[in-house]
Amino acid sequence: MHKFLFILFPLYVFAQKDTLQEVRVEGIRSELTSDPTKKVYQVGANLTNVGGNLFDVLSNIPSIYVTSDGNVNYRGNQNLTIYFDGKPAGISSSSRANALSLYPADQIDRIEIISNPGAKYSAEGSAGILNIILKKGTKTESLRINSNVGTNDKYAFSATYAKGFKRWTHLVDVNLRQNIRNNYQYLYRENSSAFGAALISQTTDEVNRDYNQSIRLNSIYNLSKDRSFGISFIGRHSSDHNSEIRYNTSEFDYAADRLYARDADKKGRDLGFDLNLSYSPSANGKIDFLWIQNQGSDANSFFQQYYFGDFETPNPNIPVRNERSSASSANSTLLLQGDWTKSFAKRGLLEYGFKFNSRFFENDFLYEKQKEGIYLRDAKRSNGLVYREHIQAAYVSYVYENKYATLNAGLRAEATEIAGDIQQQYLNLFPSFSLVHPLSKSSNLSFALSSRITRPSYKSLNPFISFADPLNLNSGNPELKPEKAFLYELTHTKDYASLSISNTVFYRDISGLVGRVRTFLAGDTTLTRYENIAKSRAWGIENLSTCSISKAYKVTLNTSLFQSDLEGFINNSIVSLNRWSWNSRLNQQFKWKNNWSAQISGIFQSAQINTLGIIEPYYTVDLGLKKDFGRLSLNARVNDVFNTQKTIYDSRPFGLISDLERKKETRIFYFGFSYKFETKKMKEARERKRVNEEEVELDDF
């Protein structure tokens, strides 16, 4: 196969501004703010995030819907690219749900939602970019310790040390976490078989035990006013031990019912690091090098026994099954990117850049069955896969600004090559355009359009079938093609004395939509695999309103209303669905005398279209309470007060009778504390800040 590897322009012209610019927010902080280019969610302003992790934080963000298995949906689309400080992170290589739990909330400064990125950003992700900004060091010295305890043996401890010395700024984060959750799943399905109609039900009880440790080192050296060098290192080690039992019942018209229980004991370990080197040769340029390395291993054992109708009397006519599997995996990412800007006259700015990104995956999987007391390799279920992905990108954009408008027009080129056991290659161009028109000092109107791509993931391309659940098989598809999307937005923002309002009308058009399709096999078994199944369109309106009713009471309301259309060929049938969906989040914050503060947060998500069916609606309510004692603060919170958060899929609209309900342990009580050690200089600065806030009567809480 002919391979291409070309340089889009000479290396000395460096510039990928995929490292998203960090903007400091000073003074009053609202929980969620909006400007013409992005929405910014301040993590520390939400008390229900205290003591939580990234999974909890994302679940609290308006317009974001996080499923129990870690998929993040935005405006009805789950292809939202997740970055940390503007770059990929190694945690995204593990399971999404586990990855989101690795970062404690107190290490996250804010989260940016860039729904219509320009040419300087990576084109990956048809729903836009979610950029997670981690806390950086300061020029003063500080040490903060955080700890919290949750019901059912949930523990977390983190410590952050920051110190500045002349031109150096250092930060060290240590994080230890244990999380145990009891989960439940129920599946009901009807399908045909060689023995007539089959009715299948499956009940799964699961205990997930996750143990995570990480350390983050961040150091920046200022060579001069405009030149700096930075190094960041994140080392992580995680392990999990999950116990699972599934009760399966298959009822046939012309054969005896089949009942069996399948016990699974699953253990896994992951070890890895992210190393990032950054160099800014001038105020107008920056180069980043990123190396991500991960090593993983899994060891699972399965015991399957058949029963008569009460699941208490074993069926001696069918032998028991003892099986086990083991896997080892290694993956790495190498990324080089940079950016350069050049001014033209007083109002023009040219931005241009490059990005080289290579990812390598290797996986060896061994499945064994016991026969006469000896485990023998199952050649059908054992496999190995080598996957390599190379992406080269370059962009150029022009920004022009005057008192009437700010215009940004750009073009990005990305060349993709996939090698190894799966081979593909393609070149794409991504135009983008935005226009911001200030209507007054307190309001503006903006329009943006961009083209995006969602490349198939390594897991979705892997053709080997997973037999972890013999009733419900899963596999990838090496023939998958990338999704392509066009995004359009029109936004109006207006600030009043105590009220801020932002309204956005959006439209998204996706071709080659990738989805998981479930098909019936022989007997009572199904296979779920990824396919390019359809076109999808969504359009709607989103409102964000923040109101400071008084110094002691602030309300934030966010609502999205959108229609989703799905057209395609699914399970040998033409499917054409459209549905209106909406979600809303109301957050109320209170502050009283003597440094008491509280928060009540409620979220409602209506039914949504998914390629596996309709996701049924749900709502959840969270509470938080905090008391500050100077350097010490105590906090308590309750997640999902009414225990209503669960995920239900209904596949009947696609011609299948298949219902799936997943319920994770979500009603959790937490109690924790935070203590900050400070020097005399820091104490004086904190006292000055307190006096200044009292004098100007800031409304921020």
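These numbers come from a predicted model, not from an experiment.

Moving on, we come to the environment of Phe562. Counting through the fold element by element, Phe562 comes out in strand 26 (residues 553-570). The exposure class of Phe562 is buried, given its relative accessible area of 1%. Along the sequence, Phe562 and Glu542 sit 20 residues apart, while their C-alpha atoms lie 8.3 Å from each other. Ignoring anything within four residues of it in the chain, the contact list for Phe562 reads Arg75, Gly76, Phe506, Trp539, Gly540, Arg579, Trp580, Ser581, Asn583 and Gln608.

Here we take up the nonpolar core. With 26 residues, the main nonpolar core has Leu54, Leu58, Ile64 and Ile111 as its most contacted residues. If we ignore the near neighbours within four places in the chain, the residues touching Ile64 are Leu58, Val72, Asn73, Tyr74, Leu80, Ile113 and Leu130. Listed in part, the twelve residues of the second largest apolar core include Ala485, Val517, Ala534 and Ile614.

On to the pairing of strand 32 (residues 632-639), then. The pairing of strand 31 (residues 618-629) with strand 32 spans seven bridges and is antiparallel. Looking at strand 32, one finds that Lys626 is bridged to Asn635. Remark: two residues form the turn of the hairpin made by strand 31 and strand 32, two consecutive strands paired antiparallel; Gly630 in that turn has positive phi of roughly 75 degrees.

This part covers the confidence of the model for the protein. Predicted coordinates in regions of low pLDDT should not be interpreted in detail. Confidence along the protein averages 84 in pLDDT terms, with 87% of residues attaining 70 or more. Note that residues 695-701 has pLDDT below 50 and, in this model, 20 contacts with residues that lie over four places away or in other chains.

On to the pattern of salt bridges. Think of it this way: side chains of opposite charge can pair up when their charged atoms draw near. Scanning all chains against the criterion turns up 23 salt bridges. Notably, a salt bridge pairs Glu244 with Arg246, separated by 3.0 Å at the nearest N-O pair. Just as Glu244 is buried, Arg246 falls in that class too. In this structure, Glu323 and Arg262 form a salt bridge, with 3.1 Å as the shortest nitrogen-oxygen distance. Here Glu323 is found in strand 15 (residues 321-344), whereas its partner Arg262 is found in strand 13 (residues 258-282), with 61 residues between them in sequence. Look at Glu323 and you get buried, because its relative accessible area is 2%.

The rules behind these values
- Residues numbered from 1 in each chain as written.
- Predicted model: local features only at pLDDT ≥ 70, side-chain atom pairs only at ≥ 80, totals over all residues.
- Heavy atoms only, no water.
- Helix = DSSP H or I, 4+ residues; strand = E, 2+ residues; numbered from the N terminus.
- Buried < 20%, exposed > 50% of the residue type's maximum accessible area, 1.4 Å probe, protein only.
- Contact = heavy atoms within 4.5 Å.
- Core = buried A, V, L, I, M, F, W, Y, C linked by side-chain atoms within 4.5 Å.
- Pairing = 2+ DSSP bridges.
- pLDDT = per-residue confidence, 0-100.
- Salt bridge = Lys/Arg side-chain N within 4 Å of Asp/Glu carboxyl O.

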